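Spelled out, the chains give:
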Amino acid sequence: MEIHVGSVDEDEDEQGIAHMIEHVAFLGSKKREKLLGTGARSNAYTDFHHTVFHVHSPFMSKDSDGPLLPFVLDALHELLQQLHSENKLGRRFPIGLEEQIKKWDVEAIKNFHERWYFPANATLYIVGDIDSVPKTVYHIDAVFGRTPSGSEFSVAHPPNAFGTMANFLAPKLPTALAGAVIGETPSSLVVQQSKQLKRKRHAIRPPVKHEWSLPGAGRELKKPYIFQHELLQNFSIHLFCKIPVNRVQTYGDLRDVLMKRIFLSALHFRVNTRYKSSNPPFTAIELDHSDSGREGCTVSTLTVTAEPKNWQAAVKVAVQEVRRLKEFGVTKGELARYMDALIKDSEHLAAMIDNVPSIDNLDFIMESDALGHTVMDQQQGHESLVAVAETVTLEDVNAVGAKVLEYISDFGKPTAPLAAAIVACVPKTVHRDGVGDVEFKIHPEEITAAIHEGLNVSIEPEPELEVPKELISALQLEQLWLQQKPSFIPVYKDSTQLKIVDKETGIIQRRLSNGIGVNYKISQNEAKGGVMRLVVGGGRAKEPLDARGAVIVGVRTLSEGGRVGGFSREQVELFCVNHLINCALESTEEFISMEFHFHLRDGGMRAAFQLLYMVIKHNIWLEDAFERARRLYLSHYRAIPKSLERATAHRLMHAMLKGDERFVEPSPQTIQRLTLPVVKDAVMKQFVTDNMEVSIVGDFTEEDIEACVLDYLGTVTTQKSDHNDTEEVPVTFQVSRTDLQSQQVFLKDTDERACAYIAGRTPNRWGFTIDGESVNNFLETFSDSLPGEQASSLITDDMKLIDAGDSKLPWKKQTHPLYCCVTLSLLAEIINSRLFTTVRDTLGLTYDVSFELSLLDRLKFGWFVISVTSTPAKVYRAVDACKSVLRGLHSNKITQRELDRAKRTLLMRHESDMKSNAYWLGLLTHLQAPSVPRKNIACIRDLASFYETTTIEDVYNAYDNLKVDDESLFTCIGVAGNMTGQDMSGLEMEADDADDELFDGHQGLIPLGRGSSTMTLPTT
């Protein structure tokens, strides 16, 4: 349900009240609480002119007598009962002003609610698997039909002698106004009261006046605004253009949208592909042109990001490329290429019409409605796009596109649209090798001069690039077959089966003669679409002691280069555009992986396999790509002290894992020691055939997929691993040291905020612990104690006997490979629920709190992290409360209701995710990985039933394997604010030697205690 009120509707003394009402209305809803445990999820948000409450619910619940829709509607119905410097958008952010929020009483909240929360000012959206529209309309009418529209004006009742009884006749004035009523004139009293009682839905949303970036606007160009902050690392500049929304209601409107997308796709490719091959002065150049329903306008934004020392050259290149495209337009080849790609993409979405998540459809419908666009489903949209595509010409594309770019290409000319704003976000200091941090100076006039410099550079038309239709010709493939003679061999060494087919899951397993394991599943979840993942065992854990960071920098080097065989990066990227292939290469702690998303139309799957073959066999390692990768990680590391969350996380993980750089960002000294041959060797040692596994899910035939597997995987030259897991440097967790277990980081900033991380170790996904134990050896009694002889007669291989005085106690081993990951997942759901309910809702100590597991597959350990977002005044109590919840599961026992709710949540998520190819790809991954021996088909087949049969005793067994005692927990609290280090009374201020350089030169960031961090996601 969308209530048409937001921050721009607040008066000067109400800044933040719309957002507060969102919390009060939904979190206080008793009818919403009735949906708990049904599998329903709810949330809400407030923007400039909407407050949106949404509920995602199953249509039926196992425990309900009928559909849940009436209960969802009833919960929403209860709510009704209870860039822009020239307007409010630039000043009235939904979060509000803290000093005002503290002053409001209940009456102030009620008054704002009374003014805006009424049926005529709301829109109800329902999206989902609705089997009967008339029945749904009946449910809506039954709940909302009897509620008056509420759009009329209420009669204001003046204060009277009835005291409290008057509250039933009219809402109270806010406290601030109540004291001012005495002595006011009657007319001012009426004004104050009408402010509270007037009910009006704005005809135009949001109700603000924009200054449009139109030619001949008669205004002077605004001077570039510079935002400078000590926590910024890079330079970025944003040139904004603001125009009215062009409502898409006709074929002509849709045609304009299509032509703009083609035009901007060409610019994006030109800039980010051509320059990536030659050490460009910029990090990224993006031009976005999009409608904003929240702001009620269309905004074009040119964003240039660069290292501070290169900012002028970066701006110059961006303006130069915009001019080139505006002056000469797209080429015939570009028009054909991007038109085809957009139609393929649209066709793919149309084919998936029955599998698009309801939340995605809901967001699309709400945004289209806010903008005034005609709402079409994916099939209607595709048919309309195909119809208008036939009418598009090169001349029209270039004419329409040129108008989007005029505010940049004609910058400074009297006839050009004025930029709505130019904003540069820059650091206060920059790092210079051999010098340290120095002040960064920049003036508005320099920015304007850099733009003009780009306008004056001579430009030439874009040359047509030759795009390969294939990366491996038929003749080359024929020669590969003769050389390698690819074939399938038994999937497992102790078996004669060449193909394993699991009928229940539809998963098929194969193994090639060169040792590559292949898993695939034919799926119609995403019509004509497919995904593929190559996984290579090893990852960062295989980095040698003298070459830490080699794998992560090496993988980035390969990605930065982008060349394979005799093809340039530009040719490879255009090959991917033509075949609608998205490809990502990344490294994690345990693996290197390549993932492909492809479309099966026009040989897309075969093209993806060709690219995979070329990356494996004909990758090109370039010195300039290595330098770019190295600079990226140096910059990434030096940015850590400028982020409260990253600095706090880094210290925690550093402490817990004894500074092992395979699990945190490599330091500058480590990165500087690396060379191109070293990183290439670290990566390519892992790319051997008996260490590879490929999984594919998609809408293909068995014949087609097996032909591709033999052609492009079977012809990879056989290579055997020359190293094994025993050569890895073992991972060790820090032994108990009080100075490392509880640490603090202080970051000087204008905004006060705090975060905290609490972490400890866990078994890995398959039950193995760092001590060599296995959770799956959990023993469960299945009988009372028996005499020794009788007990022995009952024992089988999966049981053992334990002495119980004069008798024996038979126990049964839990051996299913899913045991650990399922029980830990349920435990995490229960802990999350308790943390949210206790620490956030009941105690009010956090804005957000979560419990997350990082369960590794190959390495024999994992860790959990509790993440806390709070305030400096509350964060210490929040950490203590989180620890109490974490450690309190034995004193405050898990109930069957809690376990059932956790099961429903995870099972519903599993059921929903089963419609996604990407989810199935994750299920298939590691089925044939020798380093993950416990994963097999049963792990996929039995997953739902294993959740159902898990008991409270099983969950407690998982809990007993979490290290939550004082000697095992690691905590790091991060605090940002204006206070000085001395304000942190009594806290030790010293840094671990390993972190000296990290915090050197950042006096605003004071590490307190010794140690380091929680893991951030892989950055490749």
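Quick caveat, the model's predicted, so the values are computed rather than measured.

A. Quick peek at the overall build of the protein chain. Helix and strand counts for the protein chain stand at 34 helices and 29 strands. Per-residue burial for the protein chain yields a buried fraction of 53% across its 1020 residues. Working note: accessible area of the protein chain is about 46100 Å², and carbon and sulfur atoms make up 53% of it.

B. View of the nonpolar core. One finds Phe-609 and Ile-696 to be the most contacted residues of the largest nonpolar core, which totals 65 residues. With 10 residues, the single largest contributor to this core is helix H19 (residues 604-617). Residues in contact with Ile-696, not counting those within four places in the same chain, are Val-518, Asn-519, Tyr-520, Lys-521, Val-531, Met-532, Phe-598, Phe-609, Ile-705, Val-709, Leu-921 and Leu-924. Counting residues in hydrophobic clusters, the runner-up holds 62 residues, among them Val-248, Ile-262, Tyr-407 and Val-467.

C. Structural detail: the sheet that holds strand E7 (residues 284-292). Strand order in the open sheet formed by five strands is E5-E9-E6-E8-E7, and the pairing between neighbours is mixed. Each having just a single partner strand, strand E5 (225-229) and E7 make up the two edges of the open sheet. With direction set aside, neighbouring strand axes in the sheet form an average angle of 15°. Direction of pairing for strand E6 (residues 235-243) relative to strand E9 (residues 421-427): antiparallel, over a ladder of five bridges. From the neighbouring strand, Ile-237 faces E9, where its bridge partner is Ala-424. Strands E5, E6 and E9 of the sheet are contacted by helix H15 (residues 444-456), whose axis makes an angle of about 115° with E9.

D. Spotlight on a nonpolar patch on the surface. Taken together, the side chains of Ile-130, Val-133 and Val-137 define a hydrophobic patch exposed on the protein surface, amounting to about 240 Å² of accessible area. Within the element layout of this structure, Ile-130 appears in the loop between strand E4 (122-123) and helix H6 (133-144). Residue classification places Ile-130 among the partly exposed positions, given a relative accessible area of 30%.

E. Just the side chain of His-579, in detail. Mapped onto the elements, His-579 comes out in the loop between helix H18 (569-578) and strand E17 (582-587). In this structure, His-579 is in contact with Lys-344, Lys-469, His-599, Asp-602, Gly-603, Gly-604 and Ala-607, ignoring residues within four places of it in sequence.

F. Molecular detail of the pattern of salt bridges. Inspection of the entire model under this criterion finds 38 salt bridges. The residue Glu-543 makes a salt bridge to Arg-540 at a minimum N-O spacing of 3.6 Å. Among the residues examined, Glu-543 registers a relative accessible area of 1% and is labelled buried. Under the relative-accessibility criterion, Arg-540 is labelled buried at 4%. Taking the shortest distance from any N to any O, the salt bridge between Arg-646 and Glu-665 comes out at 3.8 Å. Separated by 19 residues along the polypeptide, Arg-646 in helix H21 (residues 644-656) and Glu-665 in the loop between H21 and helix H22 (668-673) bring together distant segments of the chain. Neither residue differs from the other here; Arg-646 and Glu-665 are each classed as buried.

G. Looking closely at the confidence of the model for the protein chain. Averaged over all residues, the pLDDT of the protein chain equals 81, while 80% of them reach at least 70. Low pLDDT, under 50, characterises residues 779-783; the predicted model gives this stretch 17 contacts beyond four residues in sequence or across chains. Across residues 980-997, where pLDDT falls below 50, the model places 44 contacts with residues more than four positions away in sequence or in other chains.

H. Structural view of empty space enclosed by the protein. By volume, the second largest cavity amounts to about 70 Å³. What lines the second largest cavity is a set of 13 residues, among which Val-535, Gly-537, Asn-691, Ala-929 and Pro-930 lie closest to the centre. In terms of residue count, the dominant contributor to the lining of the second largest cavity is strand E16 (residues 529-537) (three residues). Looking at side-chain class alone, the lining of the second largest cavity contains six nonpolar, five polar and two charged residues.

I. Expanded view of the pairing of strand E20 (residues 742-748). In terms of burial, E20 is a largely internal element, five of the seven residues being buried. With seven bridges joining them, E20 and strand E27 (residues 970-977) adopt parallel strand pairing. Paired with Phe-746 across the strands is Val-975, a residue of E27.

J. Looking closely at the sheet that holds strand E3 (residues 51-56). If you trace the four strands from one edge of the open sheet to the other, you get E2-E3-E1-E4, paired in antiparallel fashion. Two strands in the sheet have a free side with no partner beyond their single neighbour: strand E2 (41-46) and E4. Pairing of E2 with E3, which is carried by six bridges, proceeds in the antiparallel orientation. From the neighbouring strand, Ala-44 faces E3, where its bridge partner is Phe-53.

K. Geometry of helix H5 (residues 106-116). The buried count for H5 comes to eight of 11 residues, which makes it a mostly enclosed element. A distance of 3.2 Å separates the backbone nitrogen of Glu-107 from a side-chain oxygen at the start of H5, and that oxygen is part of Asp-105.

L. Summary view of the packing of aromatic side chains. Here the structure, examined in full by the defined rule, presents eight aromatic pairs. Each ring, one from Phe-663 and one from Phe-861, has its centre 5.8 Å from the other, and the planes form 65°; the classification is edge-to-face. Placement of Phe-663 in the loop between H21 and H22 and of Phe-861 in the loop between strand E25 (848-855) and strand E26 (862-870) is noted, with a sequence separation of 198 residues between them. On the basis of relative accessible area, Phe-663 is assigned to the buried category, the value being 1%. Each residue in the set Phe-663, Phe-861 and Trp-863 is aromatic and connected to the rest through ring pairs, giving one cluster. Above the face of the Phe-488 ring, Arg-510 is positioned so that its terminal group lies 3.9 Å from the ring centre.

M. Layout of helix H29 (residues 896-913). If you check H29, its first and last C-alpha atoms are 25 Å apart, about what 18 residues at 1.5 Å a residue would give, namely 26 Å. What H29 keeps buried is the set Leu-899, Ala-902, Lys-903, Arg-904, Leu-906, Leu-907 and His-910.

N. Main features of the packing of H19 against helix H24 (residues 702-712). The contact between H19 and H24 brings their axes to 10 Å, and the two run at 20°. Considering their axes alone, H19 and H24 lie roughly parallel with respect to each other. Along this stretch, H19 crosses H24, giving a crossing that reads as right-handed. For the pair H19 and H24, the contacting residues are Met-605, Arg-606, Phe-609, Gln-610 and Tyr-613 in the first and Asp-704, Ile-705, Ala-707, Cys-708, Val-709, Asp-711 and Tyr-712 in the second. Residues belonging to the contact of H19 with H24 are distributed by class as follows: eight nonpolar, one polar and three charged.

O. Molecular detail of the side chain of Glu-334. Looking at the element boundaries, Glu-334 is found in helix H11 (residues 332-351). Judged by its relative accessible area of 5%, Glu-334 is buried. One polar contact links Glu-334 to Arg-270, side chain to side chain, over a distance of 2.8 Å. Glu-334 has contacts with Ala-266, Arg-270, Met-339, Glu-462 and Glu-464, leaving out every residue within four places of it along the chain.

P. How the structure looks around the packing of helix H10 (residues 311-328) against helix H14 (residues 394-409). Contact geometry of H10 with H14 gives a least axis separation of 8 Å together with a crossing angle of 145°. Taken as a pair, H10 and H14 cross one another with a handedness that is left-handed. Residues Val-319, Val-322, Arg-323, Leu-325, Lys-326 and Phe-328 of H10 form the contact with H14, whose participating residues are Asn-398, Ala-402, Leu-405, Glu-406, Ile-408 and Ser-409. Taken together, the residues that form the contact of H10 with H14 break down as seven nonpolar, two polar and three charged.

Q. The state of the cysteines, seen in detail. Taken as a whole, this structure holds zero disulfides when the rule is applied. Free cysteine Cys-576: the closest other cysteine sulfur is in Cys-583, separated by 6.4 Å. A disulfide-free cysteine, Cys-939 has its sulfur positioned 6.9 Å from the sulfur of Cys-821, the nearest such atom. Judged by its relative accessible area of 4%, Cys-939 falls in the buried class.

R. Region of the structure containing unusual backbone geometry. Notably, Lys-485 is not glycine yet its phi reads approximately 50°, a positive angle. Within the secondary structure, Lys-485 sits in the loop between helix H16 (474-484) and strand E12 (488-489). A relative accessible area of 59% places Lys-485 in the exposed class. Its identity is not glycine, yet Leu-580 carries a phi of approximately 55°, on the positive side. With respect to the helices, strands and loops of the structure, Leu-580 is situated in the loop between H18 and E17.

Basis of the calculations
Residues numbered from 1 in each chain as written. Predicted model: local features only at pLDDT ≥ 70, side-chain atom pairs only at ≥ 80, totals over all residues. Heavy atoms only, no water. Helix = DSSP H or I, 4+ residues; strand = E, 2+ residues; numbered from the N terminus. Buried < 20%, exposed > 50% of the residue type's maximum accessible area, 1.4 Å probe, protein only. Areas by Shrake-Rupley, 256 points an atom, 1.4 Å probe, with all protein chains shown as cover. Core = buried A, V, L, I, M, F, W, Y, C linked by side-chain atoms within 4.5 Å. Contact = heavy atoms within 4.5 Å. Pairing = 2+ DSSP bridges. Axes fitted to C-alpha atoms, helices over the stretch in contact; angles between N-to-C directions. Patch = residues over 30% accessible without salt bridge, like charges linked within 9 Å, V, L, I, M, F, W, Y side chains within 5 Å. Salt bridge = Lys/Arg side-chain N within 4 Å of Asp/Glu carboxyl O. pLDDT = per-residue confidence, 0-100. 1 Å grid on protein atoms, 1.4 Å probe; cavity = no way out; pocket = protein on both sides within 12 Å on 5 of 7 lines; lining within 4 Å. Points joined across faces, edges and corners; volume = space filled by probe spheres on them. Nonpolar A, V, L, I, M, F, W, Y, C, P; charged D, E, K, R; others polar. Polar contact = N/O pair within 3.5 Å; in protein donor to acceptor, adjacent residues only side chain to side chain. Phe/Tyr/Trp six-rings, centres within 6.5 Å; stacked < 30°, edge-to-face > 60°. Lys NZ or Arg CZ within 6 Å of the ring centre and 35° of its normal. Expected span 1.5 Å × (residues − 1). Parallel < 35°, antiparallel > 145°, perpendicular 65-115°, else oblique. Left-handed = near helix turned anticlockwise from the far one by under 90°. Disulfide = S-S within 2.5 Å.

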